[in-house]
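Each chain, letter by letter, is given below.
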Amino acid sequence: MEMRMSEDKIKVPYKSMTYPIDEFGRLGGLFSLVDLPIAKYVKYQDLREEDQKKVDESPMWREHA
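Computed from a predicted structure; not experimentally measured.

Enquirer: Whenever I open this one, the side chain of Asp 51 confuses me. Can you help?
Expert: Along the polypeptide, Asp 51 turns up in helix 2 (residues 49-57). A distance of 3.4 Å separates the side chain of Asp 51 from the backbone nitrogen of Leu 27, its partner in a polar contact.

This is how it looks when you write it as structure tokens:
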């Protein structure tokens, strides 16, 4: 049986993931324009409210046609 790419996708709830944080406690990695090293990873629930909003609005989690 042949599977198409769309049938093969596994959706991971983004609120159950961990996110990179820089040394100042802000989102880092792909969510940052500043080249600061990642200090640690934290769960979505432990992010600042401002950073949770950035994650929620990220195009990374939108459905693509």
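Enquirer: Hey, could you run me through the pairing of strand 1 (residues 18-22) in this one?
Expert: Successive residues of a regular strand alternate their side chains across the two faces of the sheet. The element strand 1 is extensively covered by neighbouring structure, given that four of its five residues are classed as buried. In terms of strand pairing, strand 1 meets strand 2 (residues 38-43) through five bridges, oriented antiparallel. Bridge pairing in strand 2 links Pro 20 to Tyr 41.

Enquirer: What should I look at first to understand the packing of aromatic side chains in this one?
Expert: For any two aromatic rings, the description comes down to two numbers: the centre-to-centre distance and the angle of the planes. Counted under the stated rule, the structure contains two aromatic pairs. Among the aromatic residues, those joined into a ring-pair cluster are Tyr 14, Tyr 19 and Tyr 44.

Enquirer: Is there a simple way to think about the pattern of salt bridges in this case?
Expert: Between side chains of opposite charge, pairing is possible as soon as their charged atoms come close. For the structure shown, the criterion picks out four salt bridges. Here Arg 26 makes a salt bridge to Asp 22, at a shortest N to O gap of 3.2 Å. Judged by its relative accessible area of 34%, Arg 26 is partly exposed. Judged by relative accessible area, Asp 22 falls into the buried class, the value being 5%. Close ionic contact of Asp 51 with Arg 48 constitutes a salt bridge, the shortest N to O distance being 3.3 Å. In this structure Asp 51 comes out as buried when scored by relative accessible area, which is 0%.

Enquirer: Any chance you could explain the environment of Ser 58 here in plain terms?
Expert: In this fold, Ser 58 is placed in the segment after helix 2. Accessibility expressed as a relative area gives 8% for Ser 58, which makes it buried. Sequence-wise, Ser 58 and Phe 31 are 27 residues apart; in three dimensions their C-alpha atoms are separated by 8.5 Å.

Rules and cut-offs
- Residues numbered from 1 in each chain as written.
- Predicted model: local features only at pLDDT ≥ 70, side-chain atom pairs only at ≥ 80, totals over all residues.
- Heavy atoms only, no water.
- Helix = DSSP H or I, 4+ residues; strand = E, 2+ residues; numbered from the N terminus.
- Polar contact = N/O pair within 3.5 Å; in protein donor to acceptor, adjacent residues only side chain to side chain.
- Buried < 20%, exposed > 50% of the residue type's maximum accessible area, 1.4 Å probe, protein only.
- Pairing = 2+ DSSP bridges.
- Phe/Tyr/Trp six-rings, centres within 6.5 Å; stacked < 30°, edge-to-face > 60°.
- Salt bridge = Lys/Arg side-chain N within 4 Å of Asp/Glu carboxyl O.

Shape is all these values report; function is a separate question.
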